[in-house]
Amino acid sequence: MLPELIELAGGAEHVVTIADFDGALEHGVRFSRGDAGRAVHVLAEIGELIESGRFSLPVAQTFPLAEVAEAHRVSEDGHVRGKPVLLVG
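Let us look at the structure shown here.

Parameters at a glance
- Residues numbered from 1 in each chain as written.
- Predicted model: local features only at pLDDT ≥ 70, side-chain atom pairs only at ≥ 80, totals over all residues.
- Heavy atoms only, no water.
- Helix = DSSP H or I, 4+ residues; strand = E, 2+ residues; numbered from the N terminus.
- Rg over C-alpha atoms; globule rule 2.2 N^0.38 Å.
- Phe/Tyr/Trp six-rings, centres within 6.5 Å; stacked < 30°, edge-to-face > 60°.
- Buried < 20%, exposed > 50% of the residue type's maximum accessible area, 1.4 Å probe, protein only.
- Contact = heavy atoms within 4.5 Å.
- Pairing = 2+ DSSP bridges.
- Right-handed = clockwise from strand over helix to strand, strands pointing away.

1. Overview of the overall build of the chain
In terms of helices and strands, the chain carries four helices and four strands. The N-to-C order of helical and strand elements in the chain reads α-β-α-β-α-β-α-β. Relative to its length of 89 residues, the chain is extended, with a C-alpha radius of gyration of 16 Å against a globular reference of 12 Å. With respect to the three principal axes, the spread of C-alpha positions in the chain is 45 × 30 × 25 Å.

2. Some details on the packing of aromatic side chains
Counted under the stated rule, the structure contains one aromatic pair. Their ring planes at 85° and their centres at 5.2 Å tell us that Phe-21 and Phe-31 sit as a pair that is edge-to-face. Of the two residues, Phe-21 is situated in helix α2 (residues 21–27) and Phe-31 in strand β2 (residues 30–31); the sequence distance between them amounts to 10 residues. With relative accessibility at 31%, the residue Phe-31 sits in the partly exposed group.

3. Details of the environment of Ser-32
Within the element layout of this structure, Ser-32 appears in the loop between β2 and α3 (43–52). In this structure Ser-32 comes out as buried when scored by relative accessible area, which is 18%. Linking Ser-32 and Thr-62, residues 30 residues apart in sequence, is a C-alpha distance of 26 Å. Residues in contact with Ser-32, not counting those within four places in the same chain, are Val-16, Thr-17 and Ile-18.

4. Here we look at the pairing of strand β4 (residues 83–87)
Note that strand β3 (residues 59–64) and β4 share five bridges and pair parallel. If you follow Pro-64 over to β4, its bridge partner there is Leu-87. In this region the chain leaves β3, passes through helix α4 (residues 68–77) and returns to the parallel neighbour β4; the handedness of that crossover is right-handed.

This is the structure we're talking about:
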């Protein structure tokens, strides 16, 4: 799958994987555990806020996965209130 992503993104420098360490090495893409520079310790607190109903994130628009490029354009526009959401499956 990484070769297809590299082709779609226009080069290995535009791809990050959080799941395929060996593939990242093989194809020259960046691997991220997802925690670099982030406050991982607050995830439990956020989960509690969500479960209690004290935190919500407004959804601006949903997109089928095939329209990921359009979702990205909408996100970059900067005039969105809420988050664009990709629907997978």
